[in-house]
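Each chain, letter by letter, is given below.
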Amino acid sequence: IGYQVEAWWTRTWEKRNPEKGQARYYRLTLRQDLWGDWELWRSWGRIGNRPTRELYVAVNGPEEAETLAAQIHRRRLQHGYLARW
């Protein structure tokens, strides 16, 4: 099994609205599992709490993950989130 730890990454977006008492985050994490397969983890919820939801999708490698991350980045910006990486 060949891990490529240098290709692993985490990206986080945050949205804060003090008037509504809202502080939310959305996070993507690219990593490999025990067998070296690539996983793109998505988690989101309230800042300061455990993730409300988590799910992952198997990807073929960092290139595919970057494509998905770019799509998610555009969507997060449309929803008022700010990138924190």
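Above this text is the structure in question.
About the criteria used
- Per chain, residues are indexed from 1 in the order of the written sequence.
- Note on the predicted model: pLDDT of at least 70 is required for a residue's local features to be given, and 80 or more for side-chain atom pairs to be given and counted; whole-chain, interface and lining totals, by contrast, use all residues.
- Based on all heavy atoms of the structure, the side-chain values leave hydrogens and waters out of the count.
- What makes two strands pair is DSSP finding at least two bridges between them.
- Where helices and strands are cited, they refer to DSSP runs of H or I of at least four residues and of E of at least two residues respectively, numbered from the N terminus.
- Whether two residues are in contact is decided by their heavy atoms: any pair within 4.5 Å suffices.
- Here an axis means a line fitted to C-alpha atoms, over the contact stretch when the element is a helix, while the angle between two N-to-C directions is reported on a 0 to 180 degree scale.
- Patches in this entry comprise residues that are over 30% relatively accessible and not in a salt bridge; like charges within 9 Å are linked, as are nonpolar side chains (Val, Leu, Ile, Met, Phe, Trp, Tyr) within 5 Å.
- In short, Shrake-Rupley with a 1.4 Å probe defines the accessible areas, and a residue's cover is counted only from the protein chains shown.
- For this document, the term salt bridge refers to a Lys or Arg side-chain nitrogen within 4 Å of an Asp or Glu carboxyl oxygen.
- Take the buried residues of types Ala, Val, Leu, Ile, Met, Phe, Trp, Tyr and Cys, join any two whose side-chain atoms come within 4.5 Å, and each joined set is a nonpolar core.
- Burial classes follow relative accessibility: with a 1.4 Å probe on protein chains only, a residue under 20% of its type's maximum area counts as buried, one over 50% as exposed, and anything between as partly exposed.
- Pairing of aromatic side chains here covers Phe, Tyr and the six-membered ring of Trp, requires ring centres within 6.5 Å, and sorts the geometry by plane angle: under 30 degrees stacked, over 60 edge-to-face, intermediate tilted.
- Look at NZ for Lys and CZ for Arg. If either is within 6 Å of the ring centre and within 35 degrees of the ring normal, a charge sits over the ring.

Q: Any chance you could break down the sheet that holds strand β5 (residues 82-83) for me, citing the residues and the numbers?
A: Strand order in the open sheet formed by five strands is β4-β3-β2-β1-β5, and the pairing between neighbours is antiparallel. Where the open sheet ends on each side, the last strands, each with one partner, are β4 (53-59) and β5. Relative to strand β3 (residues 38-46), strand β2 (residues 22-32) is paired through nine bridges, and the arrangement is antiparallel. From the neighbouring strand, arginine 27 faces β3, where its bridge partner is serine 43. Helix-sheet contacts for helix α1 (residues 62-78) involve β1 (9-17), β2, β3, β4 and β5, and the interaxial angle to β1 is about 5 degrees.

Q: Quick one: what's the story with a nonpolar patch on the surface, residue by residue and with numbers?
A: On the surface, Tyr3, Val5, Trp8, Leu34 and Trp35 cluster together to form a nonpolar patch covering roughly 570 Å² of accessible area. Structurally, tyrosine 3 is set in the segment before β1.

Q: Could you give an account of the nonpolar core, naming the residues involved and the relevant values?
A: If you look at the biggest cluster of nonpolar residues, it comprises 14 residues, and the most contacted ones within it are Trp9, Tyr26, Leu28, Leu30 and Leu40. Excluding its chain neighbours within four sequence positions, the residues that come into contact with tryptophan 9 are Leu28, Thr29, Leu30, Leu40, Ala65, Glu66 and Ala69.

Q: Lay out the packing of aromatic side chains with the relevant residues and their values.
A: Taken as a whole and assessed by the stated rule, the structure comprises four aromatic pairs. Plain terms: the ring middles of tryptophan 13 and tyrosine 26 are 6.1 Å apart, the flat faces sit at 65 degrees to each other, and that makes the pair edge-to-face. One end of the pair, tryptophan 13, is in strand β1; the other, tyrosine 26, is in strand β2, with 13 residues separating them in the sequence. Residues tryptophan 13 and tyrosine 26 agree in their burial class; the two are buried. What makes tryptophan 13 buried here is its relative accessible area of 0%. Taken together, the ring pairs in this structure connect Trp13, Tyr26, Trp44 and Trp85 into an aromatic cluster. The ring centre of tryptophan 85 lies 5.6 Å from the NZ or CZ of arginine 11, which sits over that ring. For arginine 76, the ring lying beneath its charged end belongs to tyrosine 26, and the centroid distance is 4.4 Å.

Geometric values such as these leave the question of function open.
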